[in-house]
Structures are given as structure tokens and as C-alpha cells.
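Here is what each chain is made of, one letter per residue.
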Amino acid sequence: MALLGGAWTPNVVWHLSGGPRRFGELRIDMPPISPKMLSARLKKLEAKGVVRRAVVPTSPPSVEYALTELGCELVPAINAIVRIGHRLKSRQA
């Protein structure tokens, strides 16, 4: 849980579960997050071995982020949390 406990961390993992994304694409997917916070989360997840950062040799060079094998193992846990959240929300309505 410490791995997923940071603000925005589950969101980053969730959005990367669909495949590699560039920084700008992640910013569009998560409009309320600041660039500074997104950068910090990506660096933290990369350091923990959850996210892989790859420089793409384009002109100009770009960077793609993707889940590692360990990161992919977190997706079912996030899916379970989402399902429980939906059930709790429907009970309150």
C-alpha cells in the first residue's frame, strides 16, 4: 500500500495500464495534476521499479513512460479498489 499511497500514484498507474504514454499525454489525461507533481510521481515510480522511462529517438527526442512487469501486477489491485469505490458510492446514493 505504501507504493500506491502517494497522491496521484494510482491515477498514473491506471493511465499507463493502457500502454506507453508521453508526459504530455498523461497531463491531458489528468488535467488537475500539475507538471511538477506528475514529474515527481513518475520519478518516484521509476525509482521503485513500477514505471520504465524510455527516450524515443525522434526529432526532437521524446520520452515515453510505461509500466514494468511489477507495475502491471498493480493494475488488478487498482481495479479492485475502483469496483469497491463504485459499490460504496451506489450505496450512498
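What you see is a predicted model, and the numbers here were worked out from it, not measured in a lab. (Residues numbered from 1 in each chain as written. Predicted model: local features only at pLDDT ≥ 70, side-chain atom pairs only at ≥ 80, totals over all residues. Heavy atoms only, no water.)

Ser59 connects to Pro60 through a cis peptide bond whose omega is -5°. Topologically, Pro60 is positioned in the loop between strand E2 (51–56) and strand E3 (62–67). Even without being glycine, Trp8 reaches a positive phi, approximately 75°. If you trace the backbone, Trp8 turns up in the segment before helix H1 (9–16). (Helix = DSSP H or I, 4+ residues; strand = E, 2+ residues; numbered from the N terminus.)

Working note: regular strand, side chains alternate between the two faces of the sheet. Relative to E3, E2 runs antiparallel, the two sharing six bridges. Looking at E3, one finds that Val55 is bridged to Val63. The hairpin turn running from E2 into E3, its antiparallel successor, is five residues long. (Pairing = 2+ DSSP bridges.)

This structure, assessed with the given rule, holds one salt bridge. Ionic pairing is found between Asp29 and Arg21, a salt bridge with its closest N-O pair at 2.7 Å. Residue Asp29 is classed as partly exposed on the basis of its relative accessible area, which comes to 28%. (Salt bridge = Lys/Arg side-chain N within 4 Å of Asp/Glu carboxyl O. Buried < 20%, exposed > 50% of the residue type's maximum accessible area, 1.4 Å probe, protein only.)

What follows covers the sheet that holds E2. Sheet strands associate in pairs through backbone hydrogen bonding, adopting either a parallel or an antiparallel arrangement. As summarised here, the arrangement of the three strands in space is E1-E3-E2, forming an open sheet in which the pairing is antiparallel. Each having just a single partner strand, strand E1 (21–22) and E2 make up the two edges of the open sheet.

Take the environment of Ala40 next. Considering the arrangement of structural elements, one finds Ala40 in helix H3 (residues 35–47). Using a relative accessible area of 37% as the deciding quantity, one classes Ala40 as partly exposed. C-alpha of Ala40 to C-alpha of Thr9: the two residues are 31 residues apart in sequence and 9.9 Å apart in space.

With that settled, the discussion passes to helix H4 (residues 69–92). When the terminal C-alpha atoms of H4 are compared, their 36 Å separation across 24 residues agrees well with the 34 Å that a helix rising 1.5 Å per residue should span. Looking only at H4, the buried set comprises Gly71, Leu74, Val75 and Ile78. Here the buried face of H4 lies against H1 and E3. (Expected span 1.5 Å × (residues − 1). Contact = heavy atoms within 4.5 Å.)

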